[in-house]
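Survey of secondary and tertiary structure
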Amino acid sequence: MTRKRALGTCYYPEHWPEEIWAEDARRMAGLGLTWVRIGEFAWSRLEPEPGRFDWGWMDRAFDMLTGAGLKVVLGTPTATPPRWMLDRHPDMLALDAEGRPRGFGSRRHYCFSHDGYRAEAIRITAALAERYGRHPGLGVWQTDNEYACHDTVLSYSDAARHAFRDWLAQRYQSVDALNRAWGNVFWSMEYDSFDQVDLPNLTVTEPNPSHALDFRRFASDQVARFNAGQVAAIRARSDAPISHNYMGRTLDFDHFALGAQMEIATWDSYPLGFLEDRLEDPEEHKRRYARQGDPDFQALHHDLYRAVGHGRWWVMEQQPGPVNWAPYNPAPLPGMVRFWTWEAFAHGAEVVSYFRWRQAPFAQEQYHAGLLRPDSAAAPAFAEVEQVAAELAQLPEAEETPAPVALVFDYASAWAWTVQPQGRGCDYFRLVFEVYRGLRKLGLSVDLLPPDTGDLGGYRLVLIPGLVAPPAALIDAITRTEAQVILGPRTGAKTASLSIPVPLPPAIPGLDVTVSRVETLRPDMPVPMAQVGEVTHWREDLETGATVLDKDAHGRPVTVGAGNLTYLGGWPDPRFLRHILLRACAEAGVATTDLPPDIRVRQNGSTRFVFNHGPDPVAFEGRVLPPAGVAW
Ligand code: GAL
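As the structure is a prediction and not an experimental result, all values here were calculated from the model.

A short note on the site of the ligand
By nearness alone, every residue bordering the ligand is listed as Phe41, Arg107, Asn145, Glu146, Met247, Asp268, Tyr270, Glu317, Trp325, Phe355, Glu365 and His368. Side-chain polar atom of His368 to an oxygen atom of the ligand: 2.7 Å apart, as the coordinates give it. Its free accessible area being 310 Å², the ligand has 97% of it covered by the protein chains. When atoms are counted within 2 Å of each cavity's grid points, the one that captures over half of the ligand is the largest pocket.

Here it is in structure tokens:
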């Protein structure tokens, strides 16, 4: 499957005098951009008063942009309900865990469970789709923007409480079943009716983890339900594909559930913001990559969103210079905007779109760079985009070939680890990220897979770390595959309602291993392995009749294997992980490359891309890659 690669930008006509729109559109097209995203925060201008629409300016913006040859991504404006909405629905705000309303004056100030707001969101979406759904310049829809950003999925409102009770009644059918599933006999927490169940906040000490996990499942379902309302409103009026625009390290809802509703997944890649704001790596790592971003964080998300979009995915917002929202906001090294663009294309992106066209001199994001400065002169990224546009002539097609290695990713496991970490630093995303990094350092291209994958055919190595309650389809696929499969730590550790199963876990058919006890470790008490590396954070006692592959320095089994299955009973440090991966790759016949620390490679169709993420030149395979260097 091939698709044309293209570039785009995010534009807010409502931020600028109409006199400059034509010139903006001309410059966008002249720069080689194909796509322009508009509309996603414009509700107060589209509907200044309830029921009074002002389409004129949007009609003219549409005509101006599409007249210049651009295609439009139209966002529904539901991430920013206008102030009048609060007068109509005073109780529509989400409440935080302390019970405080999350007030007006920024964005995303709504509760997903509020039916009144949901109806308003469907209403504005239907109105937009009615007006522009068949416009020849409309290419793609975007629902809302960045669900979950700013910690907005969990709401402790009355609307959420009532909806949660209904959700529980549907799921358990009888309150006895709920009491049994949650183990409510413990501490006399039993309920007589669903109407007595509150949200798991404001309890004296921690709430029942099963209660907390179900609340997270429910909250995720509410996001999917909210989105489905918009999708239906659009589908009734438009044939254009629909997307949602996701964020990085955002785990509070199941992105695969939304992906199933739409044709394309897009996400927002802010490498420098993420490095400072969303990674727990040591300061020296952050210092080294301060102007380039982490070498693996963007790549992981590219691969994740490729899976969420069933192969069709974009970067909707690419960082073009300093951002405004991380603890420190340095400028990228010259060349990084081009580098990030090619990195996304190497992972299969169809479109890379820059946020934003022009830096805004007002409001919250004044110090957020654009392709243009606030005075409309070209910002440093402009020339880099020009360069990419010229280079696209050499490599115009996005290709995709399945990677040899798969990594299973499960949002519900992220919630389970959050609800019951058992030790500081025990975090599902972090574990998956470290495994991904270990694979990428060996030069491997990786596919991410959803947890209900029922067929692992085609892969030679499959990693399933930390997947707390694997669905039956996945267990079935594991028993049928000939790939090398590495499970654990904590894979299969719990029932779906977060109890410890008896017989004890992980109960993997064909692999005789039992986790008899777990312990978590302080950062300063890693357990050395007999051969290489250490176990950190999380360690399991294993009883096994299978072959012991690795022991710790005390002689206790840490990895055990039978046939193509391996169970890993601890969180491996990078050296131990590398040892495990090299052995599995050798068994699986997957070729690895010993990459220099700053180098990553990615195979896209017949093209092999090489990236230097470091601040210094690196010699690799007979050539020298400069900082921000990309080669193919
Ligand atoms: C994204 C968001 C944009 C803008 C940007 C700033 O998360 O979608 O609207 O706020 O961040 O970096």
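What about the packing of helix α5 (residues 115-132) against helix α8 (residues 209-235)?
Running from N to C, α5 and α8 cross one another at 25 degrees; their axes reach a closest spacing of 8 Å. As summarised for this structure, α5 and α8 are arranged roughly parallel, according to the angle between their axes. Note that α5 runs across α8; the crossing there is right-handed. Here Asp115, Tyr117, Arg118, Ala121, Ile122, Thr125, Ala126 and Ala129 of α5 lie close against α8, whose contacting residues are Arg225, Phe226, Gly229, Gln230, Ala233 and Ile234. Grouping the amino acids of the contact of α5 with α8 by side-chain chemistry returns eight nonpolar, three polar and three charged.

Remarks on the domain arrangement of the protein chain
Partitioning the protein chain into domains gives domain 1 (2-162 + 208-399), domain 2 (405-588) and domain 3 (599-631). Of note, the centres of domain 1 and domain 2, computed from C-alpha atoms alone, are 34 Å apart. Roughly 2500 Å² of surface becomes buried between domain 1 and domain 2 when both sides are summed, with 66% attributable to carbon and sulfur atoms. Where domain 1 meets domain 2, there are seven salt bridges. Arg430 is the partner of Glu280 in a salt bridge, and the nearest nitrogen-oxygen pair spans 2.8 Å. The interface formed by domain 1 and domain 2 contains 14 residue pairs in polar contact (both at pLDDT 80 or more). Every element with two or more residues in the side of domain 1 that touches domain 2 is listed here: α8, α9 (255-259) and α12 (297-308). The leading source of residues in the side of domain 1 that touches domain 2 is α12, at nine residues.

Observations regarding the side chain of Arg278
Topologically, Arg278 is positioned in the loop between α10 (271-277) and α11 (283-288). Beyond its immediate stretch of four places on either side in the chain, Arg278 contacts Met247, Gly248, Arg249, Thr250, Gly273 and Phe297.

Topic: the sheet that holds strand β27 (residues 630-631)
Across the sheet, which stays open at both edges, the three strands sit in the order β23-β24-β27 with antiparallel pairing between neighbours. Strands with a single pairing partner mark the edges of an open sheet, and in this sheet they are β23 (599-604) and β27. Relative to β27, strand β24 (residues 607-612) runs antiparallel, the two sharing two bridges. Across the sheet, the residue bridging to Phe611 is Val630, located in β27.

Quick notes on unusual backbone geometry
Cis geometry marks the peptide bond from Gly488 to Pro489, where omega comes out at 0 degrees. Going from Pro505 to Pro506, the amide bond is cis rather than trans, its omega being 5 degrees. Checked against the element boundaries, Pro506 lands in strand β15 (residues 506-508). Even without a glycine there, the phi angle at Arg108 is positive, about 60 degrees. Within the secondary structure, Arg108 is located in the loop between α4 (83-88) and α5. Of note, Asp151 is a non-glycine position whose phi angle comes to about 60 degrees, a positive value.

Looking at the pairing of strand β13 (residues 461-464)
The two faces of β13 match: Leu461 and Leu463 on one face and Val462 and Ile464 on the other face are all buried. Here strand β11 (residues 405-408) pairs with β13 via three bridges, running parallel. Across the sheet, residue Val405 finds its bridge partner in β13, namely Leu461. In terms of strand pairing, β13 meets strand β14 (residues 484-487) through four bridges, oriented parallel.

So, the layout of surface pockets
Counted as a void, the largest pocket has a volume near 940 Å³. As for the largest pocket, its lining consists of 39 residues, of which Phe41, Ser106, Arg107, Gln364 and Glu365 are closest to the centre. Per-element accounting of the lining of the largest pocket gives the leading share, three residues, to helix α2 (residues 43-46). Here the lining of the largest pocket is built from residues that sort into 15 nonpolar, eleven polar and 13 charged. By volume, the second largest pocket is sized at about 570 Å³. Forming the boundary of the second largest pocket are 25 residues, of which Asp281, Glu434, Arg437, Lys441 and Pro574 lie nearest the centre. Sorting the residues of the lining of the second largest pocket by element identifies α16 (428-441), β18 (534-544) and α18 (574-588) as the ones contributing at least two each. Residue contributions to the lining of the second largest pocket peak at five residues, all from α16. Grouping the constituent residues of the lining of the second largest pocket by class yields nine nonpolar, four polar and twelve charged. The residues that make up the lining of the second largest pocket include at least three from each of domain 1 (2-162 + 208-399) and domain 2 (405-588).

A few points about the packing of aromatic side chains
Enumeration according to the criterion identifies 50 aromatic pairs in this entry. Both rings, one in Tyr270 and one in Phe355, keep their centres 6.4 Å apart while their planes meet at 75 degrees; by these two values the pair is edge-to-face. Taken together, the positions of Tyr270 in the loop between β7 (264-269) and α10 and Phe355 in the loop between β9 (351-354) and α14 (380-391) put the pair 85 residues apart, joining distant regions of the chain. In this structure, Tyr270 and Phe355 share a single accessibility class: buried.

Remarks on the pattern of salt bridges
With the rule as written, the count across this model stands at 53 salt bridges. Ionic pairing is found between Glu130 and Arg237, a salt bridge with its closest N-O pair at 3.0 Å. Here Glu130 is found in helix α5, whereas its partner Arg237 is found in the loop between α8 and β6 (242-246), with 107 residues between them in sequence. Since its relative accessible area comes to 58%, Glu130 is described here as exposed. One salt-bridge network, held together by shared partners, links Arg249, Glu280, Asp281, Asp294, Asp296, Asp427, Arg430, Glu434, Arg437 and Arg600.

Overview of empty space enclosed by the protein
One pass over the structure, following the stated rule, counts two cavities of 30 Å³ or more. As a volume, the largest cavity reaches approximately 60 Å³. Together, Val435, Leu463, Ile464, Pro465, Ile486, Gly488, Leu568, Leu577 and Ile580 line the largest cavity. Sorting the residues of the lining of the largest cavity by element identifies β13 and α18 as the ones contributing at least two each. Grouping the constituent residues of the lining of the largest cavity by class yields eight nonpolar, one polar and no charged.

Quick notes on the rules
- Residues numbered from 1 in each chain as written.
- Predicted model: local features only at pLDDT ≥ 70, side-chain atom pairs only at ≥ 80, totals over all residues.
- Heavy atoms only, no water.
- Near = heavy atom within 4 Å.
- Polar contact = N/O pair within 3.5 Å; in protein donor to acceptor, adjacent residues only side chain to side chain.
- Areas by Shrake-Rupley, 256 points an atom, 1.4 Å probe, with all protein chains shown as cover.
- 1 Å grid on protein atoms, 1.4 Å probe; cavity = no way out; pocket = protein on both sides within 12 Å on 5 of 7 lines; lining within 4 Å.
- Sits in = over half its atoms within 2 Å of the grid points.
- Axes fitted to C-alpha atoms, helices over the stretch in contact; angles between N-to-C directions.
- Helix = DSSP H or I, 4+ residues; strand = E, 2+ residues; numbered from the N terminus.
- Parallel < 35°, antiparallel > 145°, perpendicular 65-115°, else oblique.
- Left-handed = near helix turned anticlockwise from the far one by under 90°.
- Contact = heavy atoms within 4.5 Å.
- Nonpolar A, V, L, I, M, F, W, Y, C, P; charged D, E, K, R; others polar.
- Domains from an automatic or database assignment.
- Buried area = accessible area lost by both parts, 1.4 Å probe.
- Salt bridge = Lys/Arg side-chain N within 4 Å of Asp/Glu carboxyl O.
- Pairing = 2+ DSSP bridges.
- Buried < 20%, exposed > 50% of the residue type's maximum accessible area, 1.4 Å probe, protein only.
- Points joined across faces, edges and corners; volume = space filled by probe spheres on them.
- Phe/Tyr/Trp six-rings, centres within 6.5 Å; stacked < 30°, edge-to-face > 60°.

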